[in-house]
Amino acid sequence: MSLTLGEARTRASRISDVSYEIDLDLTAPTTGPTSGTFGCTTTVRFASSTPDTFLELTAATDLAVTVNGVALSGDVVGSSYDGRRLALDELVDHNVVTVAARVPYVTDGDGMYLFTDPADGETYASAYCGMDVAQRVFACFDQNDLKATVTLAVTADPSWTVVANGRVDEHGTDRAAGRWRFATTEVFAIPMFVVCAGPWHSRTWEHAGLPFGWHARRSLAAELDRDFEELRATTTACFDHYATLFTEPMPYDSYDQAFVPGQNWGALESPGCVTYRDELLPRGRVTDLARSQRASVIAHEMAHMWFGNLVTMTWWEDTWLQESFADYMGYRVSADGAGFAGALLQHELLRKPSAYQADERRSTHPVAPEAEDVPDVDAASNNFDAISYSKGNSVLRQLVTWLGDEAFLAGVNAYLGAHRLGNGTLADFMAALDSASDRDVLGWVDVWLRTSGFDTIRVSRDGGADGVPVVTCDGTRPHRLRLTSYDEGSGGALVERESRFVDVADEPVRLEDWAGLVVVPNSHGETFARVVPDAVSWSALVAGLSGIDDDLVRALVWTTAFDLVHTRLLPADDFLSLVARHLPHERHVTAIAAVLGRTLDAVVPRRLPASEAARAVDLVADACARGLEGTDDEQVRIELTRGLARTSRDDALLRGWLSDGVTEHGVELDPALRWRVVHRLAEVGAIDADAIEAERVADGTIDGELGAARALAARPTVEAKAAAWAALAEDDQVSNRRFEALTSGLWSPEQAELLAPHVAGYWQVSPGIAERRGQAFSQVVHRAFPALALTDEQVADLERALAGDLPTVLRRGWEDRLDDLTVAIR
C-alpha cells in the first residue's frame, strides 16, 4: 500500500536520529533459486518514542531480521512482513534493526535496474530511487522527513566501478576483489539514495576542493570523451554561479554525474551522484539545441543540491519547493552561468504551453496545494507534472519580476540557512521571503500559489483600429510584465518601436503614446497568463511572424497560436496555414522543434479527423523541404531535416539518404536521424522486416534494438501491428524503454483504421499492466496513449474505462488526455 500522509506524520513524530549501514551484494547468480535477485543487508539505527513502527521493503525473499540483538524466528518474520512493510514491535528508546534479504532486480527502472548492453555484452546494476523506490532496494523508512546518514558497502564484479551518494572510502575499498566502501554521508532524504555499478567509463577532476566526475557505459566511452570538456565546463560554471547566488555551500563531499540506462526520469538529483538518461549522451551529432537542453538539465539537477537535498520538502504537497525552483534555476543558470544563451526559449516554447493545458484540466491543482490534498504517495506522484515544474517555474519568474531579484535571493538564502540539512514547507519559505521585502508577499502567495488556473491579459482598442491600446487583466492576480510595440513597415514588416514594463491588476493600463501601433503583451514571458492581443495586432503578427527579430516575441506569437488551436478558437487548418507560411522562414532551432512537435504530436492527432492526417503531414513535409532550400544555417538544416525525415512520403528520397549516409543538403545521418528515416519508411510501407533487421545488426547498440522495435511496429499491416501488440501487452517483463519504443511505433495518426482493434485493446489491458508493474510503469503506460484521432465511439470507450476501477496514476493520465480531447471553446 502507498504511504499515507497520516502514517508519515505519525512515524516522523515518533522516529528520529536515523542512520543506515547498507551492504549490497550485486554478484547475483544467473541460475538457481536466487537468480534474478541481489543480496541486501541493512542495519538501521534510530530513536523511537513508541514500541512499534514499520520499515518498508518491497518483494523481498529469504528475510532474516534482528531487532536489538534478538533474531526473529521465521514464523515471526512471516507474520510481520506483507511484501511491502515489515512491522517492528518491542522497540526501546534507541534501536538497532538488521534486515537481510534477497531483492529482485527490475527491468522498468523502479528498483535495482539490471541492464545488459547489446553493444558489448557488459552488464550494469543501478538503483536510481526517488519516490517509493528506495524500499525496492533496501529496508528503510521511505519518507522525506526522516533524513539519515548512509554508510554503504557494495560487492560487485571486480571489473566494475561503483559510484554512490558518498565518496569512496579508499581505506576500506579493494577494487581487485570487487569490494567497495563509501564514507558516511551527510544526512539526506532516503528517496534520494543511489548506487550505480558496472564497467563505467569515467572522467574525473577536482574543483573547489571537491572531486567531480562524469560516467557513462563503456560502449559510450567515445561519446563521453567527445563531450567531456563541455560537460566539465558546464558543471563547474554552474557550480561557481550557484556560489554567487546562495550563501550556503553545497553540503555534500563529492559530485559525480552518470549517464545511465533505464532511468525513468529525465534525471535524478541524488546527492553526491546525479543520474541522467543516457539518451542525453547521444551517438553521433550533438546539436546546439541538444547541448542547450542538456545544460539546462545539468543546472536544474545541481539546483536540487540546495532545493531538495540541503532543504527537503516535508511532505509531497511541497513538490513545487523543489521542482519549480530547480526548473527556474536550470534555465536561468545555464544561460547566466554556463553561457547557453537562449535557454529561456526552451521553457517558453517547449514547456510552458503544456502548463497552460494542464491548468485547464480537471486534474489541475495549485502550485502549492494543502498537505491534505495529497493524501498518499500515489496521489503525490501525480503532482510531478507541468503545474509543479513549468507553471511553478513561470510563477517564480513572475515573483522575481514583481519582487526584484535582490529581495528574492535574500529570502531564498534566509530559508536555506534556517532549514539547513532539515525539512521545509511553503510557510517556512514565505516567512523567509516576507522578512526580506516590504511588499505583501503573503497576499501574493494566496493568489498565485494557493489557487489553480490562470488569468487572461487582454489588449483592446479605444477608438477603433488606430485607437489607444488598453491592457486589462481578466482575473485576480497582480502581474508585472513587458509590453513591446511595433510599427508596420512596407510589405507588412514589423519594426520594433519600444518595450516597457507595466503593472496590470484591477485597473486598465492605457497606452496613450502607442495609438495605432501593434502591441505584444507579455512579450518576454514574464508572467503566467493567457494572452489575447487585439484583432489589429494579431492580424499583423500572423502576417509578419517570421520577420520579427526578437526570438522571445516570436515565441510568444507561436505559443499564442498553440493555445488558440488547442482551445479551438483557431481552426486546425488555419494553424496549419500559419505553419506552412512561417516555418520555412523560422530561424531559431528551438522554435522549429517546438512547432514541429506541437503540430505532429498535438494538432494532427487531436484536432483533425483521421481522414485529414495524411494531408496535414504532407503540408509539414513541404514546409520543411522549402525551409531547407532557403537556409544556410547548419543547425536549422538539421532540425528541418529531422522534420522532413518524420513526414516525407518520398521513399526514393529517404532511401537515397540511407544509401548515401547524407542528405542532399549536406546533413549527415547520425544514428538518431538514420533510425528516424527507417521509421518513416516503415510507416509508409516502403521497407520490410529483413531490411529493418539489417539496420539493427549494423547498429549493434541499444539504440538499434529500440529503433528496430519501433520501425517494425510502424509497418502498416495487420500482422505487424499484431506482433507489436503481443510484444508489449503479453510480456510482463518488457522493459520501460522497449514498451515506449513499441507503442511509439505502433500508433500513427495516418493508420487510424488499421489500429482500431488495438485502441480497444489498450483500454482493456492497460489497467492490469499498470497494477502489476507499479507507479513508474503506470507513467509509461499512460504516456503510450493512442497518438491518433479517436472516433466518438473510442472516446466513449475511454469514458467507460474511466468509470471503472483504475490505478491512480493511470486514471490521472487518461483523464488528462480525455480533457485535452474534449476541451471546450473558452
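This section reports on the structure supplied with the text. Numbering of residues starts from 1 in every chain and runs along the sequence as written. This being a predicted model, a pLDDT of at least 70 is required before a residue's local features are given, and a value of 80 or more before pairs of side-chain atoms are given or counted; all residues contribute to the totals for chains, interfaces and linings. Side-chain calculation: all heavy atoms of the structure are included, whereas hydrogens and water are not.

## Side note on the state of the cysteines
When two cysteine sulfur atoms lie within 2.5 Å, the pair is treated as a disulfide. On inspection of all chains with the given rule, the structure shows 0 disulfides. This cysteine, Cys140, is not joined by any disulfide, and Cys129 carries the nearest cysteine sulfur, 8.0 Å off.

## Re the packing of aromatic side chains
The pairing test for Phe, Tyr and Trp rings, Trp by its six-membered ring, is centres within 6.5 Å, and the orientation test on the planes gives stacked under 30 degrees, edge-to-face over 60, and tilted for anything in between. Counted according to the given criterion, the structure contains 40 aromatic pairs. Both rings, one in Tyr242 and one in Trp306, keep their centres 5.3 Å apart while their planes meet at 35 degrees; by these two values the pair is tilted. In this pair, Tyr242 sits in helix H3 (residues 221-245) while Trp306 sits in the loop between helix H4 (288-303) and strand E19 (311-313), placing the two residues 64 residues apart along the sequence. Of the two residues, Tyr242 and Trp306, neither departs from the other in class, the shared state being buried. Connected via pairs of aromatic rings, a cluster forms that spans Tyr242, Phe246, Trp306, Phe307, Trp320, Phe325, Tyr328, Phe408, Tyr415 and Phe429. Lying over the aromatic face of Phe54, Arg11 brings its terminal NZ or CZ to 4.4 Å of the ring centre. Two thresholds decide whether a charge sits over a ring: the Lys NZ or Arg CZ must be within 6 Å of the ring centre and within 35 degrees of the ring normal. Lying across the ring of Trp448, Arg477 places its NZ or CZ 5.7 Å from the centre. Helix and strand labels come from DSSP, where a helix needs a run of H or I of at least four residues and a strand needs a run of E of at least two; each type is numbered from the N terminus. When accessible area is computed with a 1.4 Å probe and restricted to protein chains, residues below 20% of their type maximum are described as buried, those above 50% as exposed, and intermediate ones as partly exposed.

## Some words on the pattern of salt bridges
By definition here, a salt bridge exists when the distance from a side-chain nitrogen of Lys or Arg to a carboxyl oxygen of Asp or Glu is within 4 Å. Under the counting rule described, the total for this entry stands at 68 salt bridges. Across the salt bridge formed by Asp385 and Arg812, the nearest N and O atoms sit 2.7 Å from each other. With a gap of 427 residues between them, Asp385 in the loop between helix H7 (377-381) and helix H8 (387-403) and Arg812 in helix H27 (residues 808-822) connect regions that are remote in the sequence. Among the residues examined, Asp385 registers a relative accessible area of 12% and is labelled buried. Residue Arg783 pairs with Glu740 through a salt bridge whose shortest N-O separation is 3.8 Å. Taken together, the residues Arg783 in helix H25 (residues 775-783) and Glu740 in helix H23 (residues 736-746) connect sequence positions 43 residues apart. Look at Glu740 and you get partly exposed, because its relative accessible area is 22%.

## Here we look at the sheet that holds strand E14 (residues 201-207)
Read across the open sheet, the 5 strands follow the order E14-E15-E16-E18-E17; overall the sheet is mixed. At either margin of the open sheet sits one strand with a lone partner, and together these are E14 and strand E17 (267-268). What makes two strands pair is DSSP finding at least two bridges between them. Here 5 bridges tie strand E16 (residues 255-260) to strand E18 (residues 273-277), and the two strands are oriented parallel to one another. Bridge pairing in E18 links Gln257 to Val274. Whether two residues are in contact is decided by their heavy atoms: any pair within 4.5 Å suffices. As a rule, the C-alpha atoms of each element are fitted with a line to give its axis, helices using only the stretch in contact, and angles between N-to-C directions run from 0 to 180 degrees. Running over the sheet, H3 touches E14, strand E15 (210-216) and E16 and is turned about 25 degrees from E14.

## Quick word on the layout of surface pockets
The gaps of empty space that remain are located by a probe, the size of a water molecule, rolled over the atoms. Using only the protein atoms, space was sampled on a 1 Å grid; points where a 1.4 Å probe fits but cannot get out form cavities, open sets with protein on both sides within 12 Å along at least five of seven lines form pockets, and lining residues are those with an atom within 4 Å of a point. Grid points are joined across faces, edges and corners, and a volume is the space filled by probe spheres set on the points. Taken as a whole, the second largest pocket holds about 720 Å³ of empty space. In this structure, the second largest pocket is lined by 28 residues; those nearest its centre are Arg136, Glu771, Arg772, Arg773 and Gly774. Those elements giving two or more residues to the lining of the second largest pocket turn out to be strand E7 (94-106), helix H24 (752-773), H25 and H27. For the lining of the second largest pocket, the class distribution of residues is 9 nonpolar, 9 polar and 10 charged. Asp, Glu, Lys and Arg are counted as charged, while Ala, Val, Leu, Ile, Met, Phe, Trp, Tyr, Cys and Pro are counted as nonpolar; the rest, among them Gly, fall into the polar class.

## Points about unusual backbone geometry
One non-glycine residue, Ala208, adopts positive backbone phi at about 55 degrees. Mapped onto the secondary structure, Ala208 falls in the loop between E14 and E15. Unusually for a residue other than glycine, Asn522 sits at a positive phi of about 55 degrees. If you trace the backbone, Asn522 turns up in the loop between strand E26 (518-521) and strand E27 (529-532).

## Description of empty space enclosed by the protein
The tally for this structure, following the rule as stated, stands at 6 cavities of 30 Å³ or more. Computed from the structure, the largest cavity encloses a volume of approximately 180 Å³. Considering the residues around the largest cavity, the lining is formed by 16 residues, among which Tyr356, Ala529, Leu556, Thr559 and Thr560 are closest to the centre. Residues of the lining of the largest cavity, tallied by class, amount to 8 nonpolar, 4 polar and 4 charged.

## A few points about the nonpolar core
Among buried residues, those of type Ala, Val, Leu, Ile, Met, Phe, Trp, Tyr and Cys that are joined through side-chain atoms within 4.5 Å constitute a nonpolar core. The biggest cluster of nonpolar side chains holds 173 residues, and the ones touching the most others in it are Tyr20, Leu24, Phe193, Tyr242, Trp320 and Phe408. In this structure, Phe193 is in contact with Ile22, Leu24, Ala127, Tyr128, Cys129, Val137, Phe138, Val150, Leu152, Asn165, Phe188 and Ser270, ignoring residues within four places of it in sequence. Counting residues in hydrophobic clusters, the runner-up holds 70 residues, among them Leu494, Trp558, Leu570 and Leu596.

## A closer look at helix H17 (residues 634-647)
Multiplying 1.5 Å by the residue count of a helix minus one yields the expected span of that helix. Spanning 14 residues, H17 covers 20 Å between terminal C-alpha atoms, matching the ideal 20 Å at 1.5 Å per step. Counting buried residues in H17 gives 12 out of 14 residues, a clear majority hidden from the surface. Contacts made by the buried residues of H17 are with H4, helix H15 (589-607), helix H16 (613-629), helix H18 (651-660) and helix H19 (671-683). Any pair of N or O atoms that falls within 3.5 Å is considered a polar contact. Within protein, one atom must be able to donate a hydrogen and the other to accept it, and sequence-neighbouring residues count only if both atoms are side-chain atoms. Between a side-chain oxygen at the N-terminus of H17 and the backbone nitrogen of Gln635 the separation is 2.9 Å; the capping residue is Asp633.

## Thoughts on the pairing of E26
Of the two faces of E26, the one holding Val518 and Val520 and the one holding Val519 and Pro521 are both buried throughout. Pairing of strand E23 (residues 479-488) with E26 involves 4 bridges; the strand directions are antiparallel. By the bridge assignment, Leu483 is partnered in E26 with Pro521.

## What to know about the sheet that holds strand E21 (residues 455-462)
Pairing in this open sheet of 4 strands is mixed, and the strands run E25-E22-E21-E27 from one edge to the other. Of all the strands in the sheet, just strand E25 (509-510) and E27 have a single pairing partner and so form its edges.

## Focus: the pairing of strand E4 (residues 61-67)
Looking at chain direction, E4 and E7 are connected through 5 bridges and run antiparallel. Residue pairing for E7: Ala64 is matched across the bridge by Ala100. Note that E4 and strand E5 (residues 70-71) share 2 bridges and pair antiparallel. The partner of Thr66 across the bridge, within E5, is Ala71. The antiparallel pairing of E4 with E5 creates a hairpin that spans 2 residues between the two strands, and Asn68 there sits at a positive phi of about 50 degrees.

Everything listed here is a matter of geometry and, on its own, says nothing about what the molecule does.
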